[in-house]
Structure formats: C-alpha cells, structure tokens
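Examining the three-dimensional arrangement
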Amino acid sequence: PYRPHHCPYVMVNSRCSWKGPMFNLETHIKDVDHFIINVDKHMFYTIEEGEINQGFICSFYEIFFCYTQLLKSFFHVAVMYVGSKELAKNYNFRVTIDRKDEGPSMSIRLPCQSYLQFLEWPWSFSDHRCAIFPKGYCKYFSEEFNGRQTVPCKIEIIRSNSAK
C-alpha cells in the first residue's frame, strides 16, 4: 500500500500525472476534482463512436474506477477496483440500462478486476472483463442531451459471496 501507484486516469488520460501511495488516492481524487459517479441515480453516458466517459465510484468505503466507451458499435463498461487483485475479488459490479420507469431494461453483473493489472501494458477493453451492450439496444433507451446521444446507466457495486 505504500508503494507509489499512478492515478487510474493515466489509463485513459495522460494529463493526470499523480503518483503516490494507494491510501492517498482518495485525497488526490477530491483535490483535482476527478469526476465521482453517484451510484444512487442514473448517469448519462455518451454513446458516440470513440467517446470516452470515466469517473470514480465510492462504495463500501472503497474506490472503483469506471470507464465507458462505444467501440465498433458496442457500448463497453469496465469497473475496476482501485487496490489489490486479491481485494478486487470481494466485489462485483452491475450495469443496468433502462428508461428509469417500469419498462424493459438490460443488466449485466460481472466481477471487478484490480486496475493495477492494467497499468503495465497498453489497456483495452479486450484485455479484461467488461459489460458489453450492442449500440442498437442502447439506442432504444437513449436520450439526446446537448445534441449528443446518451444512454442512462445505473452502476452498482456489490459485495461478492466470497467477501469476508
């Protein structure tokens, strides 16, 4: 925990050059105003080819890094635990896309992976497990916001059955 690590934003945004011990990461996130995702409500993610959405989720007194992107007509959502591979096994994430009413929805639940696994080589969605939704389905739920197509998603962090 005392060894210096890069901020998870370095995976997708080289402008963040912070490096420090894991226990200082939460302070860094708040100091530089990195986007924090509210897991209690739907967030709207842009679904335009190549557009990147990223932010942090604080849940169970832990930090998770969320990254979304539309690639080759598929909307990808990755949620990574900001910590060790062993502790990442204690968490799953669920992504739900719907219209915030009683209508149809799509949901995928997957185990979280540690973001540390992906800092040592060029990172891509094909390198690890992420939720993948076809763009056509996302468009069914999409809304226009500021002239851009967005999809309403709710991302939840869930303790896995293996958590102690």
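The structure this text deals with has already been given above.
Residues numbered from 1 in each chain as written. Predicted model: local features only at pLDDT ≥ 70, side-chain atom pairs only at ≥ 80, totals over all residues. Heavy atoms only, no water.

As a further point, take the pairing of strand S13 (residues 148–159). The pairing of strand S4 (residues 43–46) with S13 spans four bridges and is classified as antiparallel. Within S13, the residue paired with Tyr-45 across the bridge is Val-151. Sheet topology note: the strand S12 (residues 143–145)/S13 ladder contains three bridges and is antiparallel. Across the sheet, Glu-144 pairs through a bridge with Gln-149, a residue of S13. Linking S12 to S13, which pair antiparallel, is a turn of two residues; within it Asn-146 sits at a positive phi near 50 degrees. (Pairing = 2+ DSSP bridges. Helix = DSSP H or I, 4+ residues; strand = E, 2+ residues; numbered from the N terminus.)

Before going further, it helps to spend a moment on the pattern of salt bridges. Pairing between side chains of opposite charge can happen when their charged atoms approach one another. Taken as a whole and assessed by the stated rule, the structure comprises three salt bridges. Between Glu-48 and Arg-148 there is a salt bridge whose closest N-O contact spans 3.8 Å. Of the two residues, Glu-48 sits in the loop between S4 and strand S5 (52–59) while Arg-148 sits in strand S13, which places them 100 residues apart along the sequence. By relative accessible area, which is 31% here, Arg-148 ends up partly exposed. (Salt bridge = Lys/Arg side-chain N within 4 Å of Asp/Glu carboxyl O. Buried < 20%, exposed > 50% of the residue type's maximum accessible area, 1.4 Å probe, protein only.)

Bringing the nonpolar core into the picture now. One broad trend across soluble globular proteins is that nonpolar side chains are buried collectively. Phe-75, Val-79, Ile-97 and Val-151 are the most contacted members of the largest nonpolar core, which totals 27 residues. With residues up to four places along the chain from it excluded, the contact list for Val-151 reads Met-43, Phe-44, Tyr-45, Ile-47, Phe-75, Ile-97, Cys-138, Phe-141 and Ser-142. Met-22, Tyr-67, Met-80 and Cys-130 belong to the second largest nonpolar core, which has 16 residues in total. (Core = buried A, V, L, I, M, F, W, Y, C linked by side-chain atoms within 4.5 Å. Contact = heavy atoms within 4.5 Å.)

Keep in mind that these numbers describe shape and distance, not what the molecule does.
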